[in-house]
Amino acid sequence: MAERQQRILPTVADTEAFGRELAAGLGAGDLVVLDGPLGAGKTALTRGIAEGLGVQGRVSSPTFIIARQHRAGQREGTASVPLVHVDAYRLGGDLDELDALDLDTDLHQAVVVVEWGKGVVEHLAERHLYVLLSREPNSEVRTAIWEWVG
């Protein structure tokens, strides 16, 4: 397993670019758990991951619908893969509601990115990419700390 890494992300565009970089190492069956406060860049990072995966459709926060599925599109150099984007914030740790989403089925066929997923979804995969995002007060500068866990 790789060790914990850190990167400063001065702009939202840098956060999205970092997501594209992460996507290069992701494939069907990978789970990405995003953690951090409101405004830390979880959805911006997911947009970058989606772009890197080449998925179809606009990526926005799935806060009110809890999960969005994005069909596979064109991906340069490797097999295309769909993206399932989940916002676990409203689940409040309710594992019954999480199980009703059937994410374990989707996990084998897609990259699953879960915002607010720490402590809620790790059991869905043997290993997952954990990304902690933070944002400096009154600034667009973000910090990402990430590692593969499991």
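Relevant structure appears above.
Quick summary incoming for the structure in this document. In this text, all values refer to a predicted model and were calculated from it rather than measured experimentally.

**Here's the deal with the overall build of the protein**
Here comes step 1: Helix and strand counts for the protein stand at four helices and seven strands.
Here comes step 2: Helices and strands appear in the protein in the N-to-C order β-α-β-α-β-β-α-α-β-β-β.
Here comes step 3: Long-range pairs, those at least 24 residues apart, make up 67% of the contacts in the protein between residues at least 6 apart in sequence.
Here comes step 4: Accessible surface, the protein: about 7700 Å² in total, of which carbon and sulfur atoms supply 48%.

**What to know about the pattern of salt bridges**
Here comes step 1: Applying the stated criterion across every chain, the model contains seven salt bridges.
Here comes step 2: For Arg4, the salt bridge goes to Glu147, with nearest N and O atoms at 2.8 Å. Here Arg4, found in the segment before β1 (5-9), pairs with Glu147, found in strand β7 (residues 142-149); they are 143 residues apart in sequence, far enough to count as distant.
Here comes step 3: Relative accessible area serves as the criterion here: at 19%, Glu147 is assigned to the buried category.
Here comes step 4: Arg142 is the salt-bridge partner of Glu140, the closest N and O atoms lying 3.3 Å from each other.
Here comes step 5: Taking relative accessible area as the criterion, Arg142 reaches 5% and is therefore assigned buried.
Here comes step 6: Each of Arg135, Glu140 and Arg142 takes part in a single network of salt bridges with overlapping partners.

**Comments concerning the side chain of Glu115**
Here comes step 1: The topology assignment puts Glu115 in strand β5 (residues 111-115).
Here comes step 2: At 5.2 Å, Lys42 is the nearest oppositely charged side chain to Glu115, a buried residue that forms no salt bridge.
Here comes step 3: Polar contacts involving the side chain of Glu115 include one to the side chain of Thr43, which spans 2.8 Å.

**Focus on the nonpolar core**
Here comes step 1: If you look at the biggest cluster of nonpolar residues, it comprises 24 residues, and the most contacted ones within it are Val32, Leu53 and Val131.
Here comes step 2: Breaking this core down by element, the ones donating at least two residues are α1 (12-23), β2 (31-35), α2 (42-53), β5, β6 (128-135) and β7.
Here comes step 3: For this core, the leading source of residues is α2, giving four residues.
Here comes step 4: Ignoring sequence-local partners within four residues, the contact set of Val32 consists of Leu26, Ile49, Val111, Val112, Val113, Val114, Leu129 and Val131.

**Examining the packing of aromatic side chains**
For any two aromatic rings, the description comes down to two numbers: the centre-to-centre distance and the angle of the planes.
Here comes step 1: Counted according to the given criterion, the structure contains one aromatic pair.
Here comes step 2: We note Lys42 situated over the ring of Trp116; from NZ or CZ to the ring centre the distance is 4.1 Å.
Here comes step 3: Of note, Arg127 hangs over the ring of Trp148, and the distance from its end group to the ring centre comes to 3.7 Å.

**Considering the packing of α1 against α2**
Here comes step 1: Direction vectors running N to C along α1 and α2 enclose 45°, while the axes themselves pass 6 Å from each other. Viewed along their axes, α1 and α2 adopt a mutual orientation that is oblique. Here the hand of the crossing between α1 and α2 comes out right-handed. Residues Val12, Thr15, Glu16, Phe18, Gly19, Arg20, Leu22 and Ala23 of α1 pack against Ala44, Leu45, Arg47, Gly48, Ile49, Glu51, Gly52 and Leu53 of α2.
Here comes step 2: Among the residues forming the contact of α1 with α2, the class breakdown is eight nonpolar, four polar and four charged.

Thresholds, definitions, all that
Residues numbered from 1 in each chain as written. Predicted model: local features only at pLDDT ≥ 70, side-chain atom pairs only at ≥ 80, totals over all residues. Heavy atoms only, no water. Helix = DSSP H or I, 4+ residues; strand = E, 2+ residues; numbered from the N terminus. Contact = heavy atoms within 4.5 Å. Areas by Shrake-Rupley, 256 points an atom, 1.4 Å probe, with all protein chains shown as cover. Salt bridge = Lys/Arg side-chain N within 4 Å of Asp/Glu carboxyl O. Buried < 20%, exposed > 50% of the residue type's maximum accessible area, 1.4 Å probe, protein only. Lys, Arg positive; Asp, Glu negative; His and termini not counted. Polar contact = N/O pair within 3.5 Å; in protein donor to acceptor, adjacent residues only side chain to side chain. Core = buried A, V, L, I, M, F, W, Y, C linked by side-chain atoms within 4.5 Å. Phe/Tyr/Trp six-rings, centres within 6.5 Å; stacked < 30°, edge-to-face > 60°. Lys NZ or Arg CZ within 6 Å of the ring centre and 35° of its normal. Axes fitted to C-alpha atoms, helices over the stretch in contact; angles between N-to-C directions. Parallel < 35°, antiparallel > 145°, perpendicular 65-115°, else oblique. Left-handed = near helix turned anticlockwise from the far one by under 90°. Nonpolar A, V, L, I, M, F, W, Y, C, P; charged D, E, K, R; others polar.

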